[in-house]
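Each chain is listed here by its residues.
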Amino acid sequence: MSILKVVWHEQTSDFGQPMPWFGSWLVGDGETEGDWFHSGRGAAETEHEPPDEAVGVRLRFWPSEGLDPEYIDLPLPDNGVIETISLDYDHPGPYSRLDLSQQ
């Protein structure tokens, strides 16, 4: 993949403000977080050149500012596009380090 396009749809946080977003690369075996590539408040489309070692992305968002962010881990998409509005945040991605054995 030469370019990753992310559509950061405008979503509203619990405080009625545009949702804060942060994107970083997952590298190696997908368990290591690499450099970050985006920080903003949604309602944007950005393009990024993945580093050679990138295998996925971690997208963090803050529905309740002041609390820890939620996040989703995703592999790099085949079509080169991620749309934040269509992601399933209730299920871990293939690179998630969440321990689901206790659920």
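Residues numbered from 1 in each chain as written. Predicted model: local features only at pLDDT ≥ 70, side-chain atom pairs only at ≥ 80, totals over all residues. Heavy atoms only, no water.

Enquirer: How would you sum up the sheet that holds strand β1 (residues 4-8)? Please name residues and give values.
Expert: Taken in spatial order, the three strands make up an open sheet running β4-β1-β7, and their pairing is mixed. Edge positions in the open sheet fall to β4 (44-48) and β7 (81-83), since each of these has one partner strand only. Geometrically, the sheet is characterised by an average inter-axis angle of 15° between neighbouring strands, direction not taken into account. (Pairing = 2+ DSSP bridges. Helix = DSSP H or I, 4+ residues; strand = E, 2+ residues; numbered from the N terminus. Axes fitted to C-alpha atoms, helices over the stretch in contact; angles between N-to-C directions.)

Enquirer: Describe the pattern of salt bridges, with residues and values.
Expert: Where charged atoms of side chains with opposite charge meet at close range, the side chains can pair. What the rule picks out here adds up to four salt bridges. A salt bridge links K5 to E45; the nearest nitrogen and oxygen atoms lie 3.1 Å apart. Of this pair, K5 sits in strand β1 while E45 sits in strand β4, and the two are 40 residues apart along the sequence. Look at E45 and you get exposed, because its relative accessible area is 55%. Across the pair R58 and E33 runs a salt bridge whose closest N-O atoms are separated by 3.1 Å. Highlighted residues: R58 in strand β5 (residues 54-61) and E33 in strand β3 (residues 32-40), separated in sequence by 25 residues. (Salt bridge = Lys/Arg side-chain N within 4 Å of Asp/Glu carboxyl O. Buried < 20%, exposed > 50% of the residue type's maximum accessible area, 1.4 Å probe, protein only.)

Enquirer: Give me the lowdown on the sheet that holds β3, citing residues and values where you can.
Expert: Backbone-to-backbone hydrogen bonds pair the strands of a sheet. The strands run either parallel or antiparallel. As summarised here, the arrangement of the four strands in space is β3-β2-β5-β6, forming an open sheet in which the pairing is antiparallel. Because the sheet does not close on itself, it has two edges, and the strands there are β3 and β6 (70-75). Going from strand to strand, the sheet's axes swing by 25° on average, the running direction of each strand aside. Across six bridges, the pairing between β5 and β6 is antiparallel. Note that in β6 the partner of F61 across the bridge is E70.

Enquirer: How would you explain the side chain of S24 if you had to name every residue and give the values?
Expert: For S24, the location among the structural elements is in strand β2 (residues 21-27). At 2.5 Å, the side chain of S24 forms a polar contact with the side chain of E33. (Polar contact = N/O pair within 3.5 Å; in protein donor to acceptor, adjacent residues only side chain to side chain.)

Enquirer: Would you mind going over the nonpolar core in detail, with residue names and values included?
Expert: In this structure, W25, F37, V57, L59, L74 and I82 are the most contacted members of the largest nonpolar core, which totals 16 residues. Residue assignment for this core shows that the elements contributing at least two residues are β1, β2, β5 and β6. Element by element, the count of residues in this core is highest for β5, at four residues. Contact partners of F37, with chain neighbours within four places excluded, come to V6, W8, G23, S24, W25, H48, V57 and L59. (Core = buried A, V, L, I, M, F, W, Y, C linked by side-chain atoms within 4.5 Å. Contact = heavy atoms within 4.5 Å.)

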